[in-house]
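The lines below spell out each chain.
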Amino acid sequence: MAKQGKTVLLPKREKLLRVLGEQMKLARLRRDLSAEQLAERAGIARTTLLRLEHGDGGVALSTLVKTLFVLGLEHDILLVAKDDLMGYRMQDLGLLVGKRAKRKNAK
C-alpha cells in the first residue's frame, strides 16, 4: 500500500526518473559542485535537490529547471518532444485519410 501523499508510478516511469536523477547528479559532480552549493545557487533546499537526484516523482518541474539553469543545461529542457516522430506519424496518417487542405478566403 502506498504512503499517503506519495505518488505511485509504474516501474518504467520510476526507472526513468531514477535515470534522470542520476544524470543530474553526475552533471553536478562533473562541475565539482557539492549538493549544498548547487541547492543554494538554484534557490532550493538541499533535501529537495537530493530528492531530485534520487528520482523522486514529487519534485516540482520548476526545481528541475532551476537546477538545469545552474548547471548550464537549461536548453536541454527544450529538447523534450522536439522531434516527436510518433506524433508526426499519427498526424500524417490522419492527413492521408481523404482530408483536404483548408480553403483560403479569397479577398
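Quick note: structure is the one above.
All values derive from a computational prediction rather than experimental measurement. (Residues numbered from 1 in each chain as written. Predicted model: local features only at pLDDT ≥ 70, side-chain atom pairs only at ≥ 80, totals over all residues. Heavy atoms only, no water.)

Digging into helix 1 (residues 11-30)
(1) Moving on: For helix 1, spanning 20 residues, the distance from its first C-alpha to its last is 28 Å, which sits close to the expected 28 Å at 1.5 Å a residue.
(2) Moving on: Inspection of helix 1 places Gly 21, Met 24, Ala 27 and Arg 28 among the buried residues, and these make up the whole buried set. Seen end-on, helix 1 carries its buried residues on one side only, within an arc spanning 120°. Seen from the open side of helix 1, the exposed residues pointing more than 90 degrees away from its buried face are Pro 11, Lys 12, Lys 15 and Arg 30.
(3) Moving on: At its buried positions, helix 1 is contacted by helix 2 (35-42), helix 3 (46-53) and helix 4 (61-70).
(4) Moving on: Of the residues flanking the end of helix 1, it is Asp 32, one or two places downstream, whose phi is positive at about 55°. (Helix = DSSP H or I, 4+ residues; strand = E, 2+ residues; numbered from the N terminus. Expected span 1.5 Å × (residues − 1). Buried < 20%, exposed > 50% of the residue type's maximum accessible area, 1.4 Å probe, protein only. Arc of directions from axis to C-beta. Contact = heavy atoms within 4.5 Å.)

Describing the nonpolar core
(1) Moving on: Formed by 14 residues in total, the largest nonpolar core has its most connected members in Met 24, Leu 38, Ile 44, Leu 49, Leu 52, Leu 64 and Leu 71.
(2) Moving on: Looking at this core element by element, the count peaks at four residues for helix 2.
(3) Moving on: Beyond its immediate stretch of four places on either side in the chain, Leu 64 contacts Leu 20, Met 24, Leu 52 and Ile 77. (Core = buried A, V, L, I, M, F, W, Y, C linked by side-chain atoms within 4.5 Å.)

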